[in-house]
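So you can see what is in the structure, the chains are spelled out below.
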Amino acid sequence: MIAPVTIGLGIFYFYPVLKVILDSFYHVGAFNKRSWCGLENYQKMLKDPVMWQSLGNTCKYVLLIVPAMILIALVLASLLNSGIKGKSFFRVIYFIPAVTMGAAVAMVWSWMYNGNYGIINAILNLFGIPSQQFLSNPDLALPAISVVSIWSTAGYNMIILLAGIQGISRTYYEAAAIDGASRFRQFFHVTLPLVTPSLFFVLITSLISTFQMFDTIYMMISKSGLAMEATQSMVVYFYRNAFEYSKKGYASALAVFLFVIIMIMTVIQMKGQSKWVNYE
Amino acid sequence: MKRKQKIFNIVIYVVLIGGILVTVLPFVWMILTSFKTQNEATVIPPAIFPKIWQISNYGKVFEMLPFGKMYFNTIISAGVTVSGQVLLCSLAAYAFARIHFPGKNIIFTCLLAVLMVPSSFFILPQYQLIQKMGLLDTIPALFIPNLFSAFGTFLLRQFFMALPGELEDAARLDGCNHFQIYSRIMMPLVRSGLVALGILTLRFAWNDLMWPLIVNTSPKKMTLSAGLAFMQGQHITNYPVMMAGAVMAVLPLLILFTIFQKQFIEGVAMSGIKG
């Protein structure tokens, strides 16, 4: 019964892991011509300014997106849980971006960010702010993409946090209310500590997925544009090396490096969780 | 006290409705643009509503791209991915949760290890495998690696583990073998888990971009997602037609979501609790 999955995972997931590690020690050129090159890919990678920039960009995305997104998701989730009317309506609407194709989201936002005819610039103009080239200005493009990413993931994570908040036993709130705690204090002393397991799950998954951002960047930034290097994430740079520049060996080294970074980050999170995550 | 409560509620509604506006506006703008003429879309300041609703923009998408084929490819690929993954993962998950066999722990640990690896790590060798199998630029290329999922197996195992052991004992006394226990007794009981996995997989399979982009390069074999990227890459500046394409690409999943919203939202919430 486990044979199909085990064999499938073996061929399409296990073997690839070994293969990527092996390939990272080879030059793999066009038509898959291979020649052993030892650590050369790694040496080249550590000296590659574009790699360091895309790693830096990736870190910027993580720092811009993850805290803001989690904060928004948490605020929305706790507001929805405060006994208001129309909760399920709000929940459904907020979830819509989560079922919308990333490529389409990127297309619509590119159009809204458009430097000449975009609605966002039209709104800025109303307030006397001149039009901005959001997606070709290297300083603005990365924050602009981050906004799109926050927009498309906040609702999804809000659902997870809301489920966590709803799982908190009512008795805690009753006890707090008897002690005269205001709604703000209830939030900080009951809701927040007890929702930490969900918060931890959201943190880990969104860190990992933000580290692997691809769709939005690939779709929104033109390949030859000024903003390309200023917005390229590690995964986009990996993709370009593997499938556009046809440097599969180098791309493999990049993949290994990315994996190591994600691994270290996850281990740190796992170790750190005992300090702030409360399991009942 | 009562007044304070009232003000508090008003603030909550203002924030929540503000959130709704931010969420919905891009969709409204996408739909409005898709019905405009190119001139209306590029006039400054922008015209909010089209004078005459240009339904023909939607037809133009089909002239520009083999959009019907792309629909077909996406439906087949997503359909096979979802049904294949649910079937294969549930089989394995049942065995991992309920049957003792040698080497089980080692295999399961390996499976957990796959869960830790970022998806972009697999993609290059997966591409080379598909290439070696001679499947590049075919429909099966779109779904083959996605039929197998460590995450799905892990998720469903949690559901099978939660069922009481007496069920099996009773079934075995009645002469059921493992396969019958799985298909007749266990499967109906883990339905919510199967639905959750199906929905998470559908969301992924319908929307995924990188993999379809890599394996299938001729427009006739592309998914909708890759088709949109292809359209964007052509430097087409006919914004209304592009928006019409985007609307059509997202519509099927949005319709499914409006019908099965409860299952979608529960599925996601469950992945947070069980995961």
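Residues numbered from 1 in each chain as written. Chains lettered and ligands numbered in written order. Predicted model: local features only at pLDDT ≥ 70, side-chain atom pairs only at ≥ 80, totals over all residues. Heavy atoms only, no water.

Trainee: Before we move on, could you go through the overall build of chain A and cite the residues and values that matter?
Mentor: On a plain count of helices and strands, chain A comes out with 14 helices and two strands. Based on the C-alpha atoms only, the size of chain A along its principal axes is roughly 75 × 60 × 35 Å. Expressed as a percentage of the 280 residues in chain A, the buried residues total 56%. Look at the contacts in chain A between residues 6 or more apart in sequence, and 64% of them connect residues 24 or more apart. For chain A, the exposed area adds up to about 12400 Å²; of that, 68% sits on carbon and sulfur atoms. For chain A, the separation between the mean place of its 18 positive charges and that of its 10 negative charges on side chains is 3 Å. (Helix = DSSP H or I, 4+ residues; strand = E, 2+ residues; numbered from the N terminus. Buried < 20%, exposed > 50% of the residue type's maximum accessible area, 1.4 Å probe, protein only. Contact = heavy atoms within 4.5 Å. Areas by Shrake-Rupley, 256 points an atom, 1.4 Å probe, with all protein chains shown as cover. Lys, Arg positive; Asp, Glu negative; His and termini not counted. Charge placed at Lys NZ, Arg CZ, Asp CG, Glu CD.)

Trainee: Can you explain unusual backbone geometry? Please cite residues and give values.
Mentor: The phi torsion at S246 of chain A lies on the positive side, around 55°, for a residue other than glycine. For S246 of chain A, the position within the fold is in the loop between α13 (234-244) and α14 (248-276). With a phi angle near 65°, D137 of chain B is a residue other than glycine that sits in the positive phi range. Among the residues examined, D137 of chain B registers a relative accessible area of 23% and is labelled partly exposed.

Trainee: Outline the pattern of salt bridges, listing residues and values.
Mentor: Residues and elements named next belong to chain A. Applying the stated criterion to the full structure yields four salt bridges over all chains. When the shortest N-O distance is used, the salt bridge between R240 and E244 registers 3.2 Å. In this pair, R240 and E244 both sit in helix α13, four residues apart, roughly one turn of the helix. Owing to a relative accessible area of 3%, R240 belongs among the buried residues under this scheme. (Salt bridge = Lys/Arg side-chain N within 4 Å of Asp/Glu carboxyl O.)

Trainee: Could you give me a rundown of the interface of chain B and chain A, with the residues and numbers involved?
Mentor: At the junction of the two partners, chain B supplies 95 residues and chain A supplies 79 residues. Both sides of the chain B and chain A interface together cover about 7800 Å² of buried area, and 80% of this is carbon and sulfur. The interface formed by chain B and chain A contains zero salt bridges. At the boundary of chain B with chain A, the tally comes to 12 residue pairs in polar contact (both at pLDDT 80 or more). (Buried area = accessible area lost by both parts, 1.4 Å probe. Polar contact = N/O pair within 3.5 Å; in protein donor to acceptor, adjacent residues only side chain to side chain.)

Trainee: Quick one: what's the story with the domain arrangement of chain A, residue by residue and with numbers?
Mentor: As a measure of interface size, the accessible area lost when the parts come together is often cited. Residues and elements named next belong to chain A. Taken domain by domain, chain A holds domain 1 (1-47) and domain 2 (48-249 + 260-276). The C-alpha centroid of domain 2 is placed 31 Å from the C-alpha centroid of domain 1. Facing 12 residues of domain 1, the contacting portion of domain 2 comprises eight residues. Summing the contributions of domain 1 and of domain 2, the shared interface buries around 680 Å²; its carbon and sulfur component is 49%. (Domains from an automatic or database assignment.)

Trainee: Describe the packing of aromatic side chains, naming the residues involved and giving the relevant values.
Mentor: A full pass over the atoms with the stated rule returns 37 aromatic pairs over all chains. Ring geometry for F35 of chain B against Y58 of chain B: centres 5.3 Å apart, planes inclined by 40°, an arrangement best described as tilted. Here F35 of chain B is found in the loop between α1 (2-34) and α2 (38-41), whereas its partner Y58 of chain B is found in helix α3 (residues 56-64), with 23 residues between them in sequence. A relative accessible area of 14% places Y58 of chain B in the buried class. Here F179 of chain B and Y182 of chain B contribute two aromatic rings whose centre-to-centre distance is 5.7 Å and whose plane-to-plane angle is 45°, an arrangement assigned as tilted. Residue F179 of chain B and its partner Y182 of chain B are located together in helix α10 (residues 178-189), separated by three residues, close to a single helical turn. Clustering of aromatic rings is evident, with ring pairs tying together W109, Y113, F134 and W151 of chain A together with F27 of chain B. In this arrangement the basic side chain of K44 of chain A is found over the ring face of Y250 of chain A, its NZ or CZ atom lying 4.3 Å from the centre. (Phe/Tyr/Trp six-rings, centres within 6.5 Å; stacked < 30°, edge-to-face > 60°. Lys NZ or Arg CZ within 6 Å of the ring centre and 35° of its normal.)

Trainee: Tell me about the nonpolar core, and name the residues and values.
Mentor: Residues M51, F95, M101, M158 and F214 of chain A together with L16 and F160 of chain B are the most contacted members of the largest nonpolar core, which totals 204 residues. The greatest single-element share of this core, amounting to 16 residues, is contributed by helix α7 (residues 138-166) of chain A. Not counting residues within four places of it along the chain, the set of residues in contact with L16 of chain B comprises L76, L79, L80, I84, F90 and Y94 of chain A. (Core = buried A, V, L, I, M, F, W, Y, C linked by side-chain atoms within 4.5 Å.)

Trainee: So, the environment of I261 of chain A: which residues are in play, and what are the values?
Mentor: Residues and elements named next belong to chain A. Within the secondary structure, I261 is located in helix α14. Of the residues examined, I261 reaches a relative accessible area of 19% and is grouped as buried. Linking I261 and I93, residues 168 residues apart in sequence, is a C-alpha distance of 35 Å.

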